[in-house]
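What follows is each chain in one-letter form.
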Amino acid sequence: MIQTNRFWKFVFFTLIAALIVSCGVLFFFWQTLSEQEKVTVIMIAKDHSLILISFVFICIAVAFTGLEIIFLTYIKPLKKISAEAAMIYSSNPSHRLAITGNKDIKNLSSVINDFAEMFENLNKNITEQILIARKETEKERNLLASIMTELPQGVIICNRSGRILLFNSLAKELFTQKAHSKRAEYFIGLGRSIFHIIDKDLIVHAVKEIEERLSHDKQTMASYFITPIYTGRLISIETIPVLDHHHLMTGFILTFQDVSDDIDRYENIDQTLLSYKKSLDTLLLQKETVIHDLINHTNNNDSCTHQLCTEILSEESKRINEKYLQMSRFILDSTLNKLPLTTLTLDHFLTTIQNRVKVENGLDIKVLNDDTDIQILADTYSFTIAFVFLIVNLSELTAQKKFDLEISQSNGEILFDIKWDNISISKHQIENMITKKIRALPSFGYVLKQNRSEFEIISDNHQTCSQVRIKAKAQLKSAFIKKKRPAVITASRPEFYDFNLFDIKDENLDLLEVNLKDLIYTAFDTETTGLNPEGGDEIISIGAVRIVHNRIVYQDIFEELIDPKRDIPIESYRIHGINYEMLRGKPDINNMLPIFKNYTYDTVLLGHNIAFDMKMLKVKERTTHIKFSNPVLDTLLLSAILHPIHEQHDMENIAKRLGVNIIGRHTALGDAIATAEIFMKLLPILNSNGILTLNDAIKASKKTYYARLKY
């Protein structure tokens, strides 16, 4: 719009200058006339005023017509040639000039079209050569993709800041609820943060553990932990570092295995063994009672016989109990051999606990009988968190700030006795603590079971206690201890594995100053009941697709119908084809917007005439309390910036100019994908016009005429 008006601005100022000069000449001529001549001129003007006025208007009309012809014949065609020629080499080589104008302009258009034909053919030849050159590499990449898909474990590869760079189908299946696979609230996709689906503390702990091992040049680099995920499953996660040629950590690989069935199996076996133990104890007690009664009946005076029988029963009872304990340990250890338990040095473990409760909660733990050579078998993170959780909860119940922790060993177990002074607390309160959840982990009691530990309340009576105990396993064999996972070193990988996945800029940079090609976008569109957001019109469909590092990720889409709780006007139905029967029983906007908010997290929102869609989201802030504060770009405004000579900036005309085929027009997802494809065509044109960063694009957008439109 601005560039088109420059010609008329020039004409306007030229006419003003000519008028000023003419008025100056007439004034000078008037001053040279005598009084009689001036009277004569005035009389002639009065007598022929209509003719003079008509002459002035005819001159203006002739001048305007001549200027309009010049503008349409020379100026406007040249501007169109400039804009559309740039479009040919930057976005759409198939585009051809269809310029009307004088003969010279048409000849120029024909020459440019000939060059465009040559340019397109050259582009095709280069593309064919590139495709041939990549053919072998593509085979290797497809083979890698097939292997990744068929792996028995889920795999996610992340860069140092936790951005997902690669994942296989099993990983996506693990993190997708079967009942809502098309609208999982925890989205997994390229460029997304892994911390949205796995608790950040767990991964940070694993990375710190790996970095500590790297600093000590240890062979075993991998770190393991177990965590529940939102689908309700328990997964075992192995973290393997990816190192550059300087042996610095540039990313990490997460491998996932669902261990829910293993844990359930352990629970069932544990309960079965406990039930068997109770039955065995009852049977021995009954046997002992019967024998005692028989001895007392037959020979009440034979004390030797009575004592001998008692000793035999006692020895048999001990032998059966020991055999039971051996059997139960063997069965439970065999059942849980898939759990990622590692050997921890007790001294380091206790120091970690003391530091955490001191720094985070202001509590003191005095360790007694500390043997620094003792080692325990546990998951570092969860076992540490469980101890901290226990101390903090005991402090809340007792109002104590200091606790004693006594360490001892018994039968291959390490006993942690936690004691406090001056006050006894209800056993019932401590028992309730066992079922409490710990952050992203399961309950306190469940975490101890995962670490093959037990919790006991030490008490002299049935109501209160002033001591609790945790029994942990010491130096037990585990399948995981023998594993020595080395780090993955990027320089050592075969060439066809090197996809430069880790060369992503630091995400801590200001988004406004990031290059447009390096940003992550959510291109979205809405279908509504009407065009009046403030007047009660509702969103009935949201569709979106992501653009990650200059590539549209067609697999990472969002498409949902929404129940508006009102009728659909026939005028709106004729546009998008959605009726209320299709929406009945679908989630309402209050349930859907939080999910869509999660989908768009940490991205730039992209739309066509997005002001309307943002207004629809804005009016829902009052009821949903969901606010979209993402940066926003509009393809309508961007098109108006780059092609001001064109009068039409609707989606169809922009797509036609840029060579984009729209599939599914007036469906939310179809329009979202078309918006994404249009934006990808506009990107190189933006760059060639000096619009390189998000800040550049936003500033330029505000200067267009269309930016004044309000909803």
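These numbers come from a predicted model, not from an experiment.

Reading guide: rules and limits
Residues numbered from 1 in each chain as written. Predicted model: local features only at pLDDT ≥ 70, side-chain atom pairs only at ≥ 80, totals over all residues. Heavy atoms only, no water. Helix = DSSP H or I, 4+ residues; strand = E, 2+ residues; numbered from the N terminus. Buried < 20%, exposed > 50% of the residue type's maximum accessible area, 1.4 Å probe, protein only. Contact = heavy atoms within 4.5 Å. Areas by Shrake-Rupley, 256 points an atom, 1.4 Å probe, with all protein chains shown as cover. Pairing = 2+ DSSP bridges. Axes fitted to C-alpha atoms, helices over the stretch in contact; angles between N-to-C directions. Salt bridge = Lys/Arg side-chain N within 4 Å of Asp/Glu carboxyl O. Core = buried A, V, L, I, M, F, W, Y, C linked by side-chain atoms within 4.5 Å. Arc of directions from axis to C-beta. Polar contact = N/O pair within 3.5 Å; in protein donor to acceptor, adjacent residues only side chain to side chain. Phe/Tyr/Trp six-rings, centres within 6.5 Å; stacked < 30°, edge-to-face > 60°. Lys NZ or Arg CZ within 6 Å of the ring centre and 35° of its normal. Patch = residues over 30% accessible without salt bridge, like charges linked within 9 Å, V, L, I, M, F, W, Y side chains within 5 Å. Expected span 1.5 Å × (residues − 1).

Draft legend 1. Structural detail: the overall build of the protein. Looking only at helices and strands, the protein features 21 helices and 22 strands. Out of the 711 residues belonging to the protein, those deemed buried represent 42%. The contacts in the protein between residues at least 6 apart in sequence include a share of 69% that link residues at least 24 apart. Of the roughly 39200 Å² of accessible surface on the protein, 56% is carried by carbon and sulfur atoms.

Draft legend 2. Spotlight on the sheet that holds strand 20 (residues 552-561). An order of 20-19-18-21-22 is seen for the five strands of this open sheet, with the pairing classed as mixed. Two strands close off the open sheet at either side, each with one partner strand: strand 20 and strand 22 (632-634). The sheet shows a mean angle of 25° between the axes of neighbouring strands, direction not considered. Two strands pair when backbone bridges link them, and strand 19 (residues 539-548) and strand 20 are joined in this way by seven bridges, in the antiparallel orientation. Residue pairing in the sheet places A544 in a bridge with F558 of strand 20. Sitting on the sheet, helix 20 (residues 668-688) is in contact with strand 18 (520-528), strand 19, strand 20, strand 21 (604-607) and strand 22, with an inclination near 30° to strand 19.

Draft legend 3. Main features of the pattern of salt bridges. For the coordinates displayed, the defined rule picks out 22 salt bridges. In this structure, R160 engages E211 in a salt bridge whose closest nitrogen and oxygen atoms are separated by 2.4 Å. Linking R160 in the loop between strand 1 (154-159) and strand 2 (164-167) with E211 in helix 6 (residues 200-215), this pair joins segments that are 51 residues apart in sequence. The partner of E454 in a salt bridge is K471, and the shortest N-O contact between them spans 3.6 Å. Residue E454 is located in strand 14 (residues 454-458), and its partner K471 is located in strand 16 (residues 467-473); the two are separated by 17 residues in the primary sequence. By relative accessible area, which is 40% here, E454 ends up partly exposed.

Draft legend 4. How the structure looks around the nonpolar core. I156, I194, I198, F349, L394 and F416 are the most contacted members of the largest nonpolar core, which has 69 residues in total. Not counting the four nearest positions on each side in its chain, F349 is found in contact with L344, I376, F383, T384, F387 and F416. The next biggest cluster of nonpolar side chains, apart from the first, holds 33 residues, and it includes L606, A676, L686 and I698.

Draft legend 5. View of helix 15 (residues 589-599). All of the buried residues along helix 15 are I589, M592, L593, I595, F596 and Y599. Each buried residue of helix 15 lies within a common arc of 165° when the element is viewed along its axis, so the set occupies one face. Those residues of helix 15 that are buried are in contact with strand 18, strand 19, strand 20, helix 16 (610-618) and helix 17 (621-624). Measuring from the backbone nitrogen of N590 back to the side-chain oxygen at the start of helix 15 gives 3.2 Å, which picks out D588 as the cap.

Draft legend 6. Seen up close, the packing of aromatic side chains. Taken as a whole and assessed by the stated rule, the structure comprises 17 aromatic pairs. Centroid distance F596 to F628: 5.8 Å. Interplanar angle 45°. Geometry classified as tilted. Of this pair, F596 sits in helix 15 while F628 is found in the loop between helix 17 and strand 22, placing the two residues 32 residues apart along the sequence. The same class applies to F596 and to F628, which are both buried. Three or more aromatic residues joined by ring pairs form one cluster here, namely F187, F524, F558, F596, Y599 and F628. Residue placement shows R192 over the ring face of Y599; its charged tip is 4.7 Å from the ring centre.

Draft legend 7. Just the sheet that holds strand 16, in detail. Taken in spatial order, the five strands of this open sheet run 7-9-10-16-14, and their pairing is mixed. Edge positions in the sheet fall to strand 7 (364-368) and strand 14, since each of these pairs with one other strand and no more. On average, each strand axis in the sheet is tilted by 25° relative to the strand beside it, whichever way the strands run. The sheet contact formed by strand 10 (residues 413-419) and strand 16 spans seven bridges and is antiparallel. Across the sheet, the residue bridging to E413 is K473, located in strand 16. Contacts between helix 9 (residues 346-361) and the sheet are confined to strand 7, strand 9 (402-410) and strand 10, with strand 7 contributing the most and set at about 160° to the helix. With respect to the sheet, helix 10 (residues 380-398) is in contact with strand 7, strand 9, strand 10, strand 14 and strand 16, its orientation differing from that of strand 16 by roughly 175°.

Draft legend 8. Quick peek at a nonpolar patch on the surface. A cluster of nonpolar residues, I53, F55, V56, F57 and I60, forms a patch on the protein surface that exposes about 530 Å² of accessible area. Looking at the element boundaries, F57 is found in helix 3 (residues 49-90).

Draft legend 9. Quick look at the side chain of Q467. Topologically, Q467 is positioned in strand 16. In this structure the side chain of Q467 is engaged in a polar contact, spanning 3.5 Å, whose partner is the side chain of D417. Once residues lying within four places of it in the same chain are set aside, the contact partners of Q467 are D417, I418, K419, W420, I457 and I458.

Draft legend 10. Quick peek at unusual backbone geometry. The phi dihedral of K565 is positive, around 60°, even though this residue is not glycine. Considering the arrangement of structural elements, one finds K565 in the loop between strand 20 and helix 13 (570-576). Its identity as a non-glycine residue notwithstanding, H625 has a phi of 60°, on the positive side. Examined against the element boundaries, H625 turns out to sit in the loop between helix 17 and strand 22.

Draft legend 11. Spatial organisation of helix 10. With 19 residues, helix 10 should cover 27 Å at 1.5 Å per step; its first-to-last C-alpha distance of 27 Å lies within 8% of that length. Counting buried residues along helix 10, 17 of its 19 residues qualify, which places the element largely inside the surrounding structure. A399 lies just past helix 10 and shows a positive phi near 65°.

Interpretation in functional terms is not warranted from these geometric data alone.
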